[in-house]
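Inside the fold
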Amino acid sequence: MKHYITAAGFAAALAATPAMAQTNWDMPTPYGDAVFHTQNITAFADEVRAATGGSLDITIHSAGSLFAHGQIKDSVRRGLAPAGEILMSQLVNENPVFGVDSIPFLAASYDEAAALWSASRGDVAAALEDQGLTLLFSVPWPGQSFFLREEVTDPAQLQGVTFRAYNNATERMAQLLGMIPTQVEAGDIPTAFSTGRVASMITSPSTGVSSQAWDYTSHYIDVQAWLPKNMVFVNTDALNALTDDERAAVLAAAEAAEARGWEMSRAETATQIAALEAAGMTVMQPSDALSARLAEIGEIMAAEWLDGAGDAGAAVLDTYRAN
Ligand code: PCA
């Protein structure tokens, strides 16, 4: 059947068409809805939606519901999802610069972490750009501390203890402590403990709270050894396909999200340690012996990182130390 359109019908059809084309972006993250990073990227998506009058609608898919952590970067690279969030150090095998934020005690405070990020950001962005990805922003987790089943004052007590790792650096640190590491995604922590695969971990108080660490560990040792970052990136072709106004809205919201995320992270540190304590965990400072051993391990891991990262890595550390 042929359709003939009258002038009036044509005008009505035009009026029914939104003034702007609508673009929908899926944005996967491995982390759950209760995590401050996820709240921050949700606020980012809300800001973009508001600033574009709804013409760019970003849907957050949390807790690995769209793609598993290990698939997110390639999914964005291939355009299956236009944007995504991952733990930056997950990509350390591609380029050592992605792992510079996971060296114990290289940058253990927010100010140091900010200086390290400003020294390494250009190289991180360039490494992503080589893969057709554009870095939008990056936000640290609070300092990484131990969750254990007993009070540990002598590092020798850690020998042979099974340990939940989340990247190469946590695995290496565990090896140097004589522990037995297994990689487990954040969302799988409670199961890994309850099934006996692991008996300890190092992570932020935020992840301790979101995984209810008091159900399977009793002692939190507040070493705050490094601040690993999540990063949010976008497929560069997808970014370029937006209108100029939409692209500007994404970049402005990204800048705001980075500032907001760092503030949220800072605030989390104290409130989530308090939450662990309120839930019944013993919160303690590391013994001198444990601190000394961890400092040694930090030196070893910094040297190993530099060995792999070569001149580019040395330049990042020089810039960081000059700040
Ligand atoms: N939480 C994430 C990464 C670092 C952190 O604090 C995790 O434990 O997997």
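The present account deals with the structure reproduced in this document. Only a predicted model underlies this, so the values are computations on that prediction, with no experimental measurement involved.

Observations regarding the packing of aromatic side chains
Tallying each qualifying case throughout the model produces 5 aromatic pairs. Their ring planes at 70° and their centres at 4.8 Å tell us that Tyr 31 and Trp 141 sit as a pair that is edge-to-face. Of this pair, Tyr 31 sits in the loop between strand 1 (23-28) and helix 2 (36-51) while Trp 141 sits in the loop between strand 4 (133-140) and strand 5 (145-148), and the two are 110 residues apart along the sequence. Trp 141 matches Tyr 31 in its accessibility class, with the two residues each being buried.

A closer look at the sheet that holds strand 3 (residues 83-87)
Overall, antiparallel pairing links the 3 strands, which are arranged 3-10-4 in an open sheet. Looking along the sheet, the strands with just one partner apiece sit at the ends: strand 3 and strand 4. Each strand of the sheet is rotated relative to its neighbour by a mean of 20°, with strand direction disregarded. Sheet topology places strand 3 next to strand 10 (residues 229-235); 5 bridges connect them, and they run antiparallel. Bridging from a neighbouring strand, Ile 86 pairs with Met 231 of strand 10.

Remarks on the pattern of salt bridges
Under the criterion given, the structure shown has 13 salt bridges. A salt bridge links Asp 74 to Lys 73, with the shortest nitrogen-to-oxygen separation between them at 3.3 Å. By relative accessible area, Lys 73 is classed as buried at 6%. Note that Asp 111 is salt-bridged to Arg 266, the shortest N-O span being 3.2 Å. Placement of Asp 111 in helix 4 (residues 110-129) and of Arg 266 in helix 9 (residues 244-278) is noted, with a sequence separation of 155 residues between them. A single salt-bridge network, built from bridges that share partners, covers Lys 73, Asp 74, Arg 77 and Glu 94.

What counts as what
- Residues numbered from 1 in each chain as written.
- Predicted model: local features only at pLDDT ≥ 70, side-chain atom pairs only at ≥ 80, totals over all residues.
- Heavy atoms only, no water.
- Phe/Tyr/Trp six-rings, centres within 6.5 Å; stacked < 30°, edge-to-face > 60°.
- Helix = DSSP H or I, 4+ residues; strand = E, 2+ residues; numbered from the N terminus.
- Buried < 20%, exposed > 50% of the residue type's maximum accessible area, 1.4 Å probe, protein only.
- Pairing = 2+ DSSP bridges.
- Axes fitted to C-alpha atoms, helices over the stretch in contact; angles between N-to-C directions.
- Salt bridge = Lys/Arg side-chain N within 4 Å of Asp/Glu carboxyl O.

Interpretation in functional terms is not warranted from these geometric data alone.
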